Amino acid sequence: MSWISENGPYSGIVMSSRIRIARNIAGLPFPSIASIETSQKVVDMVRKSILESNSILSRDFDFVSLRNLNEVERYILVEKHLISPDLVERAEIAAVLMDRNEQVSIMINEEDHIRMQCIFPGFQLDKAWELLNRVDDIVEESIEYSFDEHLGYLTSCPTNVGTGMRASVMMHLPGLVATNYINSVLHTISKVGLTARGLYGEGSEALGDIYQISNQITLGPTEEEIISSLNIAVRQIIENERMARQALAQSGKLEFEDRIWRALGVLKHARRLSLQEFMTLLSQVRLGVDMGIIKGIDAVMLNELMVKCQPAHLQAYVGREMSAEELDIVRANRVRDELSKIS
Amino acid sequence: MLCQQCQKRPATVHFTKIVNNHKTEFYLCEECARQKEDFKAFIPFSINDLLTGFLDMDKADVSVRSPGLLKCKTCGMDFVQFKKVGRLGCQDCYKYFAEELAPVIRRVQGGTKHTGKVPRRAGVGLRIERQIKQLKAQLQKAVEAEAFEEAARLRDQIRELERQLGQL
């Protein structure tokens, strides 16, 4: 049940729910200063903690050393949101354990020794935490974590100390963007300890009206409290986004539908598509699908299309590295192909 | 997406340049963006900068100690280095830089006390350590009161708990 290929609750607006926790192994230096030997030891310990555990979960995991992947293969994992760009930066010492359903991934030697995450389609943070919590317990059966009574889980950066938890929800918010309400929403959530980022994390732009809403604070509240405040905020944003979509549809029905159909038209016929333009058009089509204007396409198909048309996926598809211009041409070809299969 | 320039790192900086009505868009990683004169003003500041800012802001409060000389005795990370990279070297850094980190943690976090999940192993250890502490206080009292039988019993209990602690 990968977030890309499965529909989840509220998937018209919430694309995925992800929880990440940071853990370090007691007594070992953090990855940024650890020797190659120590890093290797960390990889072995974490690998064994999962693959040699008694849990039935462990049978579903594959171990991958990043050193054994080429650059494109590494970025394919980034584009599927299974690993972070930071892990790729440390490819020489980094590894990852992934479950075959592409729900859980355990990054080894990222900023912290262990960063595990669980990603579910749609809006289901509680379920993601339930599963991740179990995986955390399995790892802890054989590994002692760096933990302090007052500060909680000790992390390489003090901004993650405490629960080490970052819960985030990837939301498609074209209505709030079009009505200009997005800034006030983002401003409001920042007051309750939440933050919004673009599709590619900190500092990146919200391509295709996609925002990642996540908690900023990790020390003080419990894991459940963090998830619960995020749940409350996300529910309200969903409500606001719905109202904005309705308002847009009612205030200028023809114009609204025209924009959506034109976006589909361009995607179906363009010969060149930059990532930016592709994401913008896809956003309109996604909106049209959710509003019942476009039939015969669903959110899952659009998720798959979105991921397939990211740079690393395109390079893997063609089988070689390409310039930005070439990528734009190949992207347009791929989009045409995929859409012609559907309708 | 990858940086247009190096095709290696992820693009995190987006910039649109308009010259004579001709629009050019750039998607670059921070490193390549830094090298481009045009982008200097547009680079989003990082968490490191923010942390460093907080550390400097609170300098006045902690001037009793000279941060330049502070060093973690376990991993050797010195405080100046930490301020540069924003990443600690090991778990003991939290102990050696406790005074300097406290105001930063107060600022970036909601609280100063962890209330969430406790790992089972560390949790067991914590409980036993607390118990040992209590028993040692009782032992002290028993010795002072010359209740030697009671003291011997407490001593055995402490030894047993210390043995358990050693096995964790």
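As a starting point, this report considers the structure included with it.

Criteria and cut-off values
Note on numbering: residues in each chain are counted from 1, in written sequence order. Working convention: letters from A go to chains and numbers from 1 go to ligands, in the order in which they are written. At least 70 in pLDDT is required for a residue's local features to be given in this predicted model, at least 80 for side-chain atom pairs to be given and counted, and no such filter applies to totals for whole chains, interfaces and linings, which use all residues. In computing side-chain properties, one takes all heavy atoms of the structure into account and sets aside hydrogens as well as water. Segments assigned H or I by DSSP are reported as helices when at least four residues long, segments assigned E as strands when at least two residues long, and all are numbered from the N terminus. When accessible area is computed with a 1.4 Å probe and restricted to protein chains, residues below 20% of their type maximum are described as buried, those above 50% as exposed, and intermediate ones as partly exposed. Following DSSP output, two strands are said to pair if at least two bridges run between them. To get an axis, fit a line to the C-alpha atoms, keeping to the stretch in contact for a helix; angles then go from 0 to 180 degrees between the N-to-C directions. Throughout, a contact is declared for two residues whenever any of their heavy atoms are within 4.5 Å. The salt bridge definition used is simple: a Lys or Arg side-chain nitrogen within 4 Å of an Asp or Glu carboxyl oxygen. In what follows, roughly perpendicular refers to angles from 65 to 115 degrees, roughly parallel to angles under 35, roughly antiparallel to angles over 145, and oblique to any angle outside these ranges. Residue polarity follows a fixed list, in which Ala, Val, Leu, Ile, Met, Phe, Trp, Tyr, Cys and Pro are nonpolar, Asp, Glu, Lys and Arg are charged, and the others, Gly among them, are polar. Note on aromatic pairs: the rings of Phe, Tyr and Trp (six-membered ring only in Trp) are paired at centre separations within 6.5 Å, and the planes decide the class, stacked below 30 degrees, edge-to-face beyond 60, tilted for the rest. Once two parts are joined, some of their accessible surface, as seen by a 1.4 Å probe, is lost; buried area is that loss totalled over both. We define a nonpolar core as any set of buried Ala, Val, Leu, Ile, Met, Phe, Trp, Tyr and Cys residues linked to one another through side-chain atoms lying within 4.5 Å.

## Structural notes on the overall build of chain B
Phase 1 of the analysis: Summing up its helical and strand segments, chain B has seven helices and two strands in all.
Phase 2 of the analysis: Ordered by position from N to C terminus, the α and β elements of chain B give β-β-α-α-α-α-α-α-α.
Phase 3 of the analysis: Burial statistics for chain B: of 168 residues in total, 37% are counted as buried.

## Regarding the sheet that holds strand E10 (residues 210-215) of chain A
Residues and elements named next belong to chain A.
Phase 1 of the analysis: Strand order across the open sheet formed by eight strands is E2-E3-E4-E5-E1-E8-E10-E9, with antiparallel pairing between neighbours. The outermost strands of the open sheet, each flanked by one partner alone, are strand E2 (61-65) and strand E9 (194-197). Taking each pair of neighbouring strands and ignoring which way they run, the sheet shows an average axis angle of 20°.
Phase 2 of the analysis: As defined by bridge partners, strand E3 (residues 95-99) adjoins strand E4 (residues 104-108) across four bridges and the pair is classed as antiparallel. In the sheet register, Val 96 faces E4, and the bridge partner there is Met 107.
Phase 3 of the analysis: Sitting on the sheet, helix H7 (residues 223-251) touches strand E1 (14-23), strand E8 (165-172), E9 and E10, and the angle it makes with E8 is about 10°.

## Re the pairing of E4(A)
Residue and element names in this part refer to chain A.
Phase 1 of the analysis: Across the five residues of E4, five count as buried, placing the element largely inside the fold.
Phase 2 of the analysis: Burial along E4 is two-sided: Val 104, Ile 106 and Ile 108 facing one way and Ser 105 and Met 107 facing the other are all buried.
Phase 3 of the analysis: Linkage of E3 to E4, two consecutive antiparallel strands, is achieved through a turn of four residues, within which Glu 102 is found at a positive phi near 60°.
Phase 4 of the analysis: As judged from the five bridges shared by E4 and strand E5 (residues 114-121), these two strands associate in the antiparallel manner. The residue of E5 that forms the bridge with Ser 105 is Gln 117.

## Points about the pattern of salt bridges
Phase 1 of the analysis: The full count for this structure, using the stated rule, is 26 salt bridges over all chains.
Phase 2 of the analysis: Of the charged contacts, one joins Arg100(A) and Asp62(A) as a salt bridge, the two residues approaching to 2.9 Å between their closest N and O atoms. Of this pair, Arg100(A) sits in the loop between E3 and E4 while Asp62(A) sits in strand E2, and the two are 38 residues apart along the sequence.
Phase 3 of the analysis: One salt bridge connects Lys117(B) with Asp137(A), and the closest N-O pair in it is separated by 2.9 Å. Pair noted here: Lys117(B) is in the loop between helix H5 (98-108) and helix H6 (120-144) and Asp137(A) is in helix H4 (residues 125-142), and the two residues belong to different chains.
Phase 4 of the analysis: Salt bridges sharing common partners tie together Arg23(A), Asp136(A), Asp137(A), Lys117(B) and Arg120(B).

## Some thoughts on the packing of helix H9 (residues 275-290) of chain A against helix H10 (residues 299-308) of chain A
Residues and elements named next belong to chain A.
Phase 1 of the analysis: Where H9 meets H10, the closest approach of the two axes is 10 Å, and the angle between their N-to-C directions is 170°. In terms of their interaxial angle, H9 and H10 are classed as roughly antiparallel. Residues Phe 278, Met 279, Leu 282, Val 285, Arg 286 and Val 289 of H9 pack against Ala 299, Leu 302, Asn 303, Leu 305 and Met 306 of H10.
Phase 2 of the analysis: Class assignment of the residues belonging to the contact of H9 with H10 gives a composition of nine nonpolar, one polar and one charged.

## Observations concerning the packing of aromatic side chains
Residues and elements named next belong to chain A.
Phase 1 of the analysis: Enumeration over the complete set of coordinates arrives at five aromatic pairs over all chains.
Phase 2 of the analysis: Seen from their ring centres, Tyr 10 and Phe 123 are 5.8 Å apart, and the 65° between their planes marks the pair as edge-to-face. Taken as a pair, Tyr 10 in the segment before E1 and Phe 123 in the loop between E5 and H4 lie far apart in primary sequence, 113 residues in all.
Phase 3 of the analysis: Grouped by ring-pair contacts, the aromatic residues Tyr 145, Phe 147 and Tyr 153 constitute a single cluster.

## Some remarks on the interface of chain B and chain A
Phase 1 of the analysis: On the chain A side, the residues contacting the 42 residues of chain B number 60 residues.
Phase 2 of the analysis: For the chain B and chain A pair, buried surface summed over both sides reaches about 4300 Å², with 57% attributable to carbon and sulfur atoms.
Phase 3 of the analysis: When the buried area of chain B at its contact with chain A is split by residue, Tyr94(B), His114(B) and Lys117(B) rank highest and sum to 16% of it.
Phase 4 of the analysis: Across the chain B-chain A interface, the total number found is four salt bridges.
Phase 5 of the analysis: Elements with a contribution of two residues or more to the side of chain B that touches chain A: strand E2 (22-28), helix H2 (47-57), H5 and H6 of chain B.
Phase 6 of the analysis: Sort the elements by how many residues they give to the side of chain B that touches chain A and H6(B) lands first, with five residues.
Phase 7 of the analysis: By residue class, the composition of the side of chain B that touches chain A is 20 nonpolar, 13 polar and nine charged.

## Some thoughts on the nonpolar core
Phase 1 of the analysis: If you look at the biggest cluster of nonpolar residues, it comprises 55 residues, and the most contacted ones within it are Ile19(A), Val46(A), Ile106(A), Ile114(A), Met116(A) and Met171(A).
Phase 2 of the analysis: Phe256(A), Phe278(A), Ile294(A) and Ala332(A) belong to the second-largest nonpolar core, a separate cluster that totals 38 residues.

## Let's talk about unusual backbone geometry
All names here are of chain A.
Phase 1 of the analysis: One non-glycine residue, Tyr 10, lies in the positive phi region at around 60°.
Phase 2 of the analysis: Among the residues examined, Tyr 10 registers a relative accessible area of 41% and is labelled partly exposed.
Phase 3 of the analysis: Backbone geometry at His 81 places phi at a positive 65°, although glycine is not the residue there.
Phase 4 of the analysis: Following the sequence through the fold, His 81 ends up in the loop between helix H2 (71-79) and helix H3 (85-89).

## Remarks on the environment of Asn101(A)
All names here are of chain A.
Phase 1 of the analysis: Its place among the elements puts Asn 101 in the loop between E3 and E4.
Phase 2 of the analysis: On the accessibility criterion, Asn 101 (38% relative accessible area) is partly exposed.
Phase 3 of the analysis: Residues Asn 101 and Arg 47 lie 54 residues apart in sequence; the distance between their C-alpha atoms is 18 Å.

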